Every structure is written in structure tokens, then in C-alpha cells.
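Each chain is listed here by its residues.
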Amino acid sequence: MTSAGRFAPSPSGELHVGNLRTAILAWLFAKSSGRDFLVRVENLDRARSGAEAEQLRDLEAVGVRWDAAVVRQTERAALYDEAIARLTADGRTYECFCTRREIQEAPSAPHAPQGAYPGTCRRLSHAEREIRRASRPASIRLQTDVVEWSVEDQLRGTYVGVVDDFVLRRNDGVTAYNLAVVVDDAAQGIDQVVRGDDLLPSTPRQAYLATLLGLPIPEYAHVPLVVNHDGARLAKRDGAVTLGDLAAVGISADSVRNLILESVGLPAGTLGEALPHFHPRSLPTEPWVWKTPRP
Ligand SMILES: [Zn+2]
């Protein structure tokens, strides 16, 4: 089994400089620790036709290369089914018939953290479950026996977060992100997960699930996001933020890569030239405020 890091974009649109920066950091983390670097397309949900090809082209344009064929989640249903079947055989899953509204309006269970699923369907009798099956397809939830879990993050230290009875498969049949990411990382030999710190709150759920499945916990490094001048997460509406838009105002992919490298304290140049200078501990801990540069 390989030892690898990865970048796992959702092909919902073009990558923006924040996504490209996370990809470059993930590559630097992987290569500076002697790992392979893989790309996985997380296309279970919100995939837009043509976006995957655009994203891979843009990664290559800023110099990111990967060491094995790109993997797509839609080709991996058997792996997710097997993991859910194993959890079910262990008595670790149950069907949930709640609507979003019912969950919001349900009184929360004693000691349950804010926003956690209140466990409504955990206690349904066989007869009650039969009745609800007739009116609404069920989602599959994990039956947990903890309320929080702790993970170690290379940049953020020890992080403790909520673990509730989270969804493994949605009621439209789509495998939930938290299950797919755990199964995929383990199956691909990914032992280093570098991604935006907006995903840190769901990491304890994933580490707990990996533990239940007997899978290794990867090393985590959650990197600060790129934000606009209001401090909000960068989005397409923030002007020229994709390689295509930036090229249209005269800024090349090489210039974008150099800006990204400078934003993490590295010299301009190729990623290979930046690599010997990369030290995770010297990364900025604050978000990068994006200003569209002048060509
Ligand atoms: Zn429910």
C-alpha cells in the first residue's frame, strides 16, 4: 500500500484561487514528506458536466501533478455499500425518516450538543418503522456511542468536535460525504489529509467512523481558507478568481502560482523549486485575503 496525500475537489464549477492554493499546499505537504500525491474527484453530488476536465486542466496549469490515475467517487459504490453493510451487521446503523424540518423542531436529547441529530428514529419500534417506510424513503444513520471525538491536526493541534448519529446514506440513495471520504482515503492508501479548515468540524466524525471500520486515521492538516476583503470565504462572485477569469485580465497561471507561493512564504518559481523551502510549521495561520492583482 502506498503512502499518499491528496486533493479531492467537487466538480461543481471551476476551481478558484482558494481551491488552487489548497491543492498546491496538499502537494507540498505530500512531496515534502516523501508521499505520492493523488487526485480524487468527489462527484457524488453537485457534479456539473465538463467541470472535472476544467479542474484537472487548471491544476496542471499551476504545476500540480499526480502520481496515479484520477479516481471518481461515482465508480466506487461497491466500496461504500460494503462499508455500510459491515456497520449494519455490527448493529451500528438505523433508518431515519425525519425531514429537515422535523429535525430542527425536535427537542434535543439531554447532553446533546447544539445542532446534533436528536436521535428521534433510533428508538422506533419495528411496527413504527414499517409504517414510516410506506410514506417516505429512509436515510441511513450511524448509531454512535460517543458525543464527541478528538483528532490531532498538524496546524491546529488537538481538536475536539461533535459526533452525532450522522447520515451515512441520504434518503435519495446518495452516499454521504462523511462515509465516502473515510472509505476512499483508506482504500487509496491516503494517510495524509490536507484540506481547507472549513472541513475541520466534520473531521472528528470521520475519524470516529474510521475507528469503527477498523481503518487507520490519516494525518490531518487543515489549512486556512482564502477570503475576500469582507473576510468571507472566496467565491466566484468576488471578481476574477478563476484561472480563466484571471487570464482574461492578463494574469497568467504562472503568476497565480507565484502569488499563491508568496502567500505561504515561499519563493516564486515552480512547485519543485518551492519544495525544499516548504516547512508546514512556518505556514501562516490566518486566512489569505485575496485582492485581484494588476497584470
Ligand atoms: Zn430520524
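Residues numbered from 1 in each chain as written. Predicted model: local features only at pLDDT ≥ 70, side-chain atom pairs only at ≥ 80, totals over all residues.

As recorded by an unreviewed UniProt entry, the chain carries the name Glutamyl-Q tRNA(Asp) synthetase and is attributed to Arthrobacter bambusae. What UniProt records for the chain under Function (unreviewed entry) is the sentence "Catalyzes the tRNA-independent activation of glutamate in presence of ATP and the subsequent transfer of glutamate onto a tRNA(Asp). Glutamate is transferred on the 2-amino-5-(4,5-dihydroxy-2-cyclopenten-1-yl) moiety of the queuosine in the wobble position of the QUC anticodon." In its Sequence similarities (unreviewed entry) section, the UniProt record describing the chain reads: "Belongs to the class-I aminoacyl-tRNA synthetase family. GluQ subfamily." (UniProt positions renumbered as here; feature names shortened; annotations may be inferred.)

A. Quick peek at the overall build of the chain. Secondary structure summary: the chain contains 10 helices and 12 strands in total. The C-alpha atoms of the chain give 21 Å as radius of gyration, which agrees with the globular expectation for 295 residues (19 Å, within 12%). Along the first, second and third principal axes, the C-alpha set of the chain runs to 65 × 40 × 35 Å. Split into buried and exposed, the 295 residues of the chain put 35% on the buried side. Considering only contacts within the chain whose residues lie at least 6 apart along the sequence, 79% involve residues at least 24 apart. (Helix = DSSP H or I, 4+ residues; strand = E, 2+ residues; numbered from the N terminus. Rg over C-alpha atoms; globule rule 2.2 N^0.38 Å. Buried ≥ 20, exposed ≤ 12 C-beta atoms within 10 Å, placed from the backbone. Contact = placed C-beta atoms within 7 Å.)

B. Spotlight on the domain arrangement of the chain. Domain annotation for the chain reports domain 1 (4–75 + 224–289) and domain 2 (78–169). Here domain 1 and domain 2 have C-alpha centroids that lie 33 Å from each other. (Domains from an automatic or database assignment.)

C. Representation of the packing of helix H1 (residues 17–32) against helix H9 (residues 253–263). The N-to-C vectors of H1 and H9 enclose an angle of 65°; their axes lie 10 Å apart at closest approach. Relative to H9, the element H1 lies roughly perpendicular. In the crossing of H1 with H9, the sense of the turn from one axis to the other is right-handed. Mapping the contact onto sequence places Val17, Leu20, Arg21 and Ile24 in H1 and Val256, Ile260 and Ser263 in H9. The residue makeup of the contact of H1 with H9, split by class, is 5 nonpolar, 1 polar and 1 charged. (Axes fitted to C-alpha atoms, helices over the stretch in contact; angles between N-to-C directions. Parallel < 35°, antiparallel > 145°, perpendicular 65-115°, else oblique. Left-handed = near helix turned anticlockwise from the far one by under 90°. Nonpolar A, V, L, I, M, F, W, Y, C, P; charged D, E, K, R; others polar.)

D. Local environment of the UniProt feature "binding site: Zn(2+)" (unreviewed entry) in the chain. The UniProt record annotates "binding site: Zn(2+)" (unreviewed entry) at Cys96, Cys98, Tyr117 and Cys121. What stands out for the annotated residues spanning 26 residues is how close their C-alpha atoms remain, the widest pair being 10.4 Å apart. Looking at the element boundaries, cysteine 96 is found in strand E4 (residues 93–96). Beyond its immediate chain neighbours, meaning those up to four positions away, cysteine 96 contacts Cys121, Ala138, Ser139 and Arg141. Looking at where cysteine 121 falls in the secondary structure, it is placed in the loop between helix H4 (100–105) and helix H5 (126–135).

E. Structural context of the sheet that holds strand E1 (residues 4–7). Here we have 3 strands laid out as an open sheet, ordered E1-E2-E3, and parallel in their pairing. Both outer strands of the open sheet, E1 and strand E3 (71–72), are each paired with one neighbouring strand and no more. Two strands pair when backbone bridges link them, and strand E2 (residues 36–41) and E3 are joined in this way by 2 bridges, in the parallel orientation. Paired with arginine 40 across the strands is valine 71, a residue of E3. (Pairing = 2+ DSSP bridges.)

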